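Analysis of the macromolecular model
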Amino acid sequence: MTRVCALLALLSLLAGEVLCGIDQVHLLGPQAVNLWRLEKASRVQIRSHDSRGLLIQQTGGDNGAAYPSQNNEHEPLMELERKYPAHWFTQPLDHFSNQSGHTFEQRYWLNTRNYHPRPDAPVIVLDGGETSGVDRLPFLDTGIVEILTRATGGVGVVLEHRYYGKSIAVQNLTTDSLRWLNNAQSAADSAHFMANVQFPGIEEDLTAPGHPWIYYGGSYAGARAAHMKVLYPDLLFGAIASSGVTHASLENWEYMEIIRRAADPECSQNLQTSIEIIDALLDIPITRKPLKALFGLAELEHDEDFASLLESPLGAWQAKVWDPEVGSTRFDEFCAALARPFISGDESDTVVYEAALGLVKVAENLSVPVPVYNYARYIKENYVTQCTEDTIEDCFGSFNDAQFQTTDLDDTWRLWLFQVCTEWGYFSTAPPHGHPRIVSRRLTLEYESKICKQAYPPGEHFVVPPFPNITSVNALGDFDIEADHLAIIDGEVDPWRPVTPHSDYAHYREDTILRPFKIIPNAVHHYDEYGRRNLSEEPPEIQLIHEEMIGFVVAWLEDWKTPNRSL
């Protein structure tokens, strides 16, 4: 699994923290797109300087990214792709007005090793969500799909989301070409698949509703799982929404609030103090430029861009996973960097440590506490160093519209951002005035959402609304979404918890077999999706949630009755 994680890091086109296949429901503001571009440029540069020359095409990776043929890091995931070859299902591009007759091929993968043919054999389908479906193959092999199919004798499926991975129906990613990327079309894809697919190598007709289908999703895909149970109750027998973000919102300041409260107290205090000082220094003309220079960002024109880059390390909280072979330790490393004692850097000839005051004098008119100095070193070492070919403004500025208007198919950052701008929102802003915070107050809705206008100019057939139509999401149930055979599972310290049914804004509900409502202690983002082949190797809280999931799914299936198809 360690080598799989390493490969997923290579495959990932997400900026900032590499999450080893964990989708973030990305906090994809303008600065994150900048980091995405730098990451992509770095990979291109590595390939162009590779002395081995010969490159292979990584089948299944987003956009067919090429990697050196002699690098065996890709072997574990390629082994999973050989073990679970891709299959294809024809979908209409527009389920509701397909006058053109255009179709596309949706990719999916099968696990049939636990399948026992019988009239009530279930199908466990995992929604690929906003990433390549290849990233979900470990869940088919040892994660939640394998766990549930092994317990039920069912068939396991990973279904790739339209527009992601290789399930692409368009020639470019312009505003017009993206107009079929929405909740309704994506849900209709899943329904059409369940009702019509014929699995290769299986003679039985396993289509819904003739067989019980259980739909699983985590994060955005978790919301989709809940929505599928509401939208297609006669087709879908059961659903499990893990960290399902069923409440869409324009501003999502609560994301960082979870991190502030759940992080190590020393780290949280260092962050709060540092951000308060940084904001105050930005307000003073004489300290503004030296402060940015301390971070290696003296030439960055807009304070909002500076503040946004400083937010970037916080995304590593979501990369935590109970399995050390998959999860990231980057957040803990960031906290440790903030807390370390003063160590002079490359600028030691100009920096003076005033030990009695606990301050570091970095310029004639600027002294900062040690955590702020350490914060600056961390940003320089982990982010600014990525800017090697362009100016600082070119790398980290976000006010040049042209840099967000490339529309090639490999500009995959445009996909989830389009969904954010049209239906989901979740712009990461500062908390209300007077509230404790670990991000700058300069992160406003105006700044975070301006990329929607920059990236998606009006097309001939579609115009992105001034703000996302979050009502289209929340009308499906919002915090209170519920149904028989719909399970809600969330993590106690998941930064997305405030927009799930376990939010503090949501009503309390009971946990029952028919409508499970479970919280995983100390868990972050869809912790139940990960699994070991031997469940006894898992931590106690993960063993417990997996045993409970097996229990309620088996109980659900006991309720299932074969429908009379002659009616």
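Our subject in this report is the structure included herewith.

1. Side note on the packing of helix H9 (residues 265–282) against helix H10 (residues 285–294)
Angle between the axes and distance between the axes: these two values describe a pair of packed helices. Contact pair H9 / H10: the axes reach a minimum separation of 7 Å and the direction vectors enclose 130°. Taken together, H9 and H10 sit at an angle that is classed as oblique. Residues Ile278, Leu281 and Leu282 of H9 pack against Thr287, Arg288, Leu291 and Lys292 of H10. Of the residues in the contact of H9 with H10, the class split is four nonpolar, one polar and two charged.

2. Here's the deal with the state of the cysteines
In total, this model carries three disulfides according to the counting rule given. Between the sulfur atoms of cysteine 267 and its disulfide partner cysteine 335 the distance amounts to 2.0 Å. Sign of the S-S torsion, about -70° for the bond between cysteine 267 and cysteine 335, identifies this disulfide as left-handed. Linking cysteine 267 in helix H9 with cysteine 335 in helix H12 (residues 330–339), this pair joins segments that are 68 residues apart in sequence. A relative accessible area of 2% means that cysteine 267 is categorised as buried. Each sulfur of the disulfide joining cysteine 387 and cysteine 395 lies 2.1 Å from the other.

3. Here we look at helix H8 (residues 254–262)
Among the nine residues of H8, seven are classified as buried, and the element is accordingly described as predominantly covered. Every buried residue of H8 is listed here: Glu254, Tyr255, Met256, Glu257, Ile258, Ile259 and Arg260. On its buried face, H8 sits against strand E9 (249–251), H9, helix H11 (303–311) and H12.

4. Side note on the sheet that holds strand E11 (residues 359–363)
In spatial order, the strands read E10-E11-E12; together these three strands make up an open sheet with antiparallel pairing. In the strand order of this sheet, the two ends are held by strand E10 (352–354) and strand E12 (366–369), each with one partner. Adjacent strand axes in the sheet meet at a mean angle of 30° when their direction is disregarded. Where E11 meets E12, four bridges bridge the pair, whose relative direction is antiparallel. Residue lysine 361 lies in a different strand from E12, and its bridge partner there is serine 367. Sheet contacts for H10: E11 and E12; angle to E12, the most-contacted strand, approximately 55°.

5. Topic: the sheet that holds strand E5 (residues 123–127)
The strand order across the open sheet built from eight strands is E3-E4-E6-E5-E7-E8-E14-E15, with neighbouring strands paired in mixed fashion. Each edge of the open sheet is held by one strand with a lone partner, namely strand E3 (87–92) and strand E15 (517–520). The average undirected angle you get between the axes of adjacent strands in this sheet is 25°. Across four bridges, E5 lies against strand E7 (residues 213–218) in parallel orientation. Residue pairing across strands places leucine 126 opposite tyrosine 216, the latter belonging to E7. Each of strand E4 (103–111), E5, strand E6 (155–159), E7 and strand E8 (238–242) is contacted by helix H5 (residues 144–152), which is oriented at about 170° to E5, the strand it contacts most. Across the sheet, helix H7 (residues 220–231) touches E5, E7, E8 and strand E14 (486–491), and the angle it forms with E7 is around 150°.

Cut-offs and rules
- Residues numbered from 1 in each chain as written.
- Predicted model: local features only at pLDDT ≥ 70, side-chain atom pairs only at ≥ 80, totals over all residues.
- Heavy atoms only, no water.
- Axes fitted to C-alpha atoms, helices over the stretch in contact; angles between N-to-C directions.
- Helix = DSSP H or I, 4+ residues; strand = E, 2+ residues; numbered from the N terminus.
- Parallel < 35°, antiparallel > 145°, perpendicular 65-115°, else oblique.
- Contact = heavy atoms within 4.5 Å.
- Nonpolar A, V, L, I, M, F, W, Y, C, P; charged D, E, K, R; others polar.
- Disulfide = S-S within 2.5 Å.
- Buried < 20%, exposed > 50% of the residue type's maximum accessible area, 1.4 Å probe, protein only.
- Pairing = 2+ DSSP bridges.

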